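Here is what each chain is made of, one letter per residue.
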Amino acid sequence: MDKIAAIDDPYLLLRVATERLNAAQQEVTELARLRRRVIQELHAQGMSYAQIAEKAGLSRGRIHQIRHTGPAPEGAFLGVGTVTVVTPLRHDAATGRSMVALDDMRAGKRLEDLARTFGLNVATDNVTVDGQIDLNRPGLLAICGPRMSEAMRQAYDADPVIHWEREETGWKLVDTRTGREYRSGSQLDPAQPTDSAFLGRLPRPDGNGSFLAIAGIHPNGSLGVIHLLANEIATLWGQVGDRRFSCVVGVEYDPQTGEPVRAELASPLYRHEDT
């Protein structure tokens with residue numbers, strides 16, 4: 001603080017002080033999340049709050065206060081600090097411009113809102129019309145399937161269990177462990193208001209970390225995944241933490257509005273370290 005206060009240029013001082021304050025607030029948020037997580041884990045292992053307080057040198061009341069305040073630990077399922085929600089741009093033949101489809105916009109906005117409820121800072125970005133996306137950055141939450149981006153297709157190909165495949169009637173997801181295939185209800189006769197979607201944490205191309213990938217066979221599936229996250233993120237966090245995994249989500253939606261009415265795991269949740 002003394003070094004910042006000694007800056008002569010008032011405009012530089014304002015910028016540097018703001019940047020440092022933002023960083024400090026982010027650090028406070030993550031430390032609060034970390035200590036709440038540790039208390040929950042110790043309690044789940046069988047320790048009482050009184051025992052935790054004694055071992056940590058804190059009062060029992062303080063332990064209870066920490067347990068109920070600060071951002072929920074399961075928010076780390078999405079990332080820490082700042083996350084970037086990415087949705088694909090599409091070509092608008094009528095105007096010749098790039099645009100975000102309404103369903104993609106809805107999915108992106110809901111994922112942004114969910115991340116903010118966990119105290120995360122949120123940035124946004126887009127996959128370009130020609131499929132360009134930088135996957136080598138921290139905190140990436142990509143809502144994009146293999147059809148919209150070659151980079152995403154290659155990332156999905158690295159998944160050891162759940163594969164995307166293209167057939168005459170459209171895309172499908174295949175569980176290579178069980179051989180089961182998952183399709184969209186629009187491919188059936190008669191058509192049904194259902195979809196299948198991929199949810200997983202995949203390795204970055206540079207090998208320095210991973211990113212969260214979400215993609216329905218149709219946009220209804222992506223909305224369904226976010227619906228699942230909003231309701232079951234604590235369970236998912238408890239099963240996989242921040243490690244790599246993949247699964248198929250089955251989604252049922254309202255045929256009039258396209259809104260998900262039910263979303264659940266359709267395949268086992270595969271932890272990649274176990275495959």
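None of these values were measured; they are calculated from a predicted model.

Q: Tell me about the pattern of salt bridges, and please be specific about residues and values.
A: Taken as a whole and assessed by the stated rule, the structure comprises 23 salt bridges. The salt bridge partner of Glu30 is Arg33, with a shortest N-O separation of 3.1 Å. With Glu30 and Arg33 both in helix H2 (residues 10–44), this residue pair falls 3 residues apart, about one helical turn. Both residues of the pair, Glu30 and Arg33, belong to the buried class.

Q: Describe in detail helix H6 (residues 150–157), supporting the description with residues and values.
A: Within the sequence span of H6, burial applies to Met152, Ala155 and Tyr156. The buried residues of H6 occupy an angular sector of 100° when the element is viewed end-on, so they sit on one face. Buried residues belonging to H6 abut strand E5 (140–143), strand E6 (162–167), strand E9 (194–203) and strand E10 (210–216). Backbone nitrogen of Ala151 and a side-chain oxygen of the N-cap are separated by 3.3 Å at the start of H6; the cap is Ser149.

Q: Please set out the UniProt feature "coiled-coil region" (unreviewed entry) in the chain residue by residue, giving values where relevant.
A: The sites that carry the UniProt feature "coiled-coil region" (unreviewed entry) are, in the present numbering, residues 14–41. Strand forms 0% of residues 14–41 and helix 100%; the C-alpha atoms that close the span are 41 Å apart.

Q: Please give an account of the layout of surface pockets that cites residues and values.
A: The calculated volume of the largest pocket comes to roughly 340 Å³. Lining the largest pocket are 21 residues, with Ala76, Leu78, Gly79, Val80 and Asp242 positioned closest to its centre. Contributions of two or more residues to the lining of the largest pocket are made by H2, E5 and E10. Considering each element in turn, the lining of the largest pocket owes the most residues, 4 residues, to H2.

Q: Provide a residue-level description of the domain arrangement of the chain, including the pertinent values.
A: According to the domain assignment, the chain contains domain 1 (10–71) and domain 2 (77–271). A straight line from the C-alpha centre of domain 1 to that of domain 2 covers 31 Å. Of the residues lining the interface, 6 residues belong to domain 1; the matching set on domain 2 comes to 8 residues. For the pair domain 1 and domain 2, the summed buried surface comes to about 480 Å²; carbon and sulfur atoms form 46% of the total.

Q: Residues and numbers for the packing of helix H3 (residues 49–56) against helix H4 (residues 60–68), please.
A: The geometry of H3 relative to H4 is characterised by a closest axis approach of 8 Å and an angle of 110° between their N-to-C directions. In terms of axis orientation, H3 runs roughly perpendicular to H4. Packed against H3, whose contacting residues are Tyr49, Ala50, Ile52 and Ala53, the element H4 presents Arg60, Ile63, His64 and Arg67 at the interface.

Q: Could you give an account of the side chain of Arg137, naming the residues involved and the relevant values?
A: Mapped onto the fold, Arg137 is located in the loop between strand E4 (121–127) and E5. Among the polar contacts listed, one links the side chain of Arg137 to the side chain of Asp125, at a separation of 3.0 Å. Those residues in contact with Arg137, other than ones at most four positions away along the chain, are Thr84, Val86, Asp125 and Arg204.

Q: Would you mind going over the UniProt feature "domain: RNA polymerase sigma-70 region" (unreviewed entry) in the chain in detail, with residue names and values included?
A: Per the UniProt entry, the sites bearing "domain: RNA polymerase sigma-70 region" (unreviewed entry) are residues 34–69 in this numbering. As annotated, residues 34–69 comprises 78% helix and 0% strand, and the C-alpha atoms at either end are separated by 12 Å.

Q: Before we move on, can you summarise the nonpolar core with the specific residues and values?
A: Phe77, Leu78, Leu111, Leu199, Ile214 and Leu229 are the most contacted members of the largest nonpolar core, which totals 34 residues. Mapped onto this core, the elements with two or more residues apiece are strand E1 (82–88), helix H5 (102–117), E5, E9, E10, helix H7 (219–240) and strand E11 (245–253). In terms of residue count, H7 provides more of this core than any other element does, 9 residues in total. Excluding residues within four positions of it along the chain, Phe77 makes contact with Arg201, Leu212, Leu229, Ile233, Leu236, Trp237, Val240, Gly241 and Phe245. Residues Val127, Tyr156, Val161 and Phe211 belong to the second largest nonpolar core, which totals 25 residues.

The rules behind these values
Residues numbered from 1 in each chain as written. Predicted model: local features only at pLDDT ≥ 70, side-chain atom pairs only at ≥ 80, totals over all residues. Heavy atoms only, no water. Salt bridge = Lys/Arg side-chain N within 4 Å of Asp/Glu carboxyl O. Helix = DSSP H or I, 4+ residues; strand = E, 2+ residues; numbered from the N terminus. Buried < 20%, exposed > 50% of the residue type's maximum accessible area, 1.4 Å probe, protein only. Arc of directions from axis to C-beta. Contact = heavy atoms within 4.5 Å. Polar contact = N/O pair within 3.5 Å; in protein donor to acceptor, adjacent residues only side chain to side chain. UniProt positions renumbered as here; feature names shortened; annotations may be inferred. 1 Å grid on protein atoms, 1.4 Å probe; cavity = no way out; pocket = protein on both sides within 12 Å on 5 of 7 lines; lining within 4 Å. Points joined across faces, edges and corners; volume = space filled by probe spheres on them. Domains from an automatic or database assignment. Buried area = accessible area lost by both parts, 1.4 Å probe. Axes fitted to C-alpha atoms, helices over the stretch in contact; angles between N-to-C directions. Parallel < 35°, antiparallel > 145°, perpendicular 65-115°, else oblique. Core = buried A, V, L, I, M, F, W, Y, C linked by side-chain atoms within 4.5 Å.

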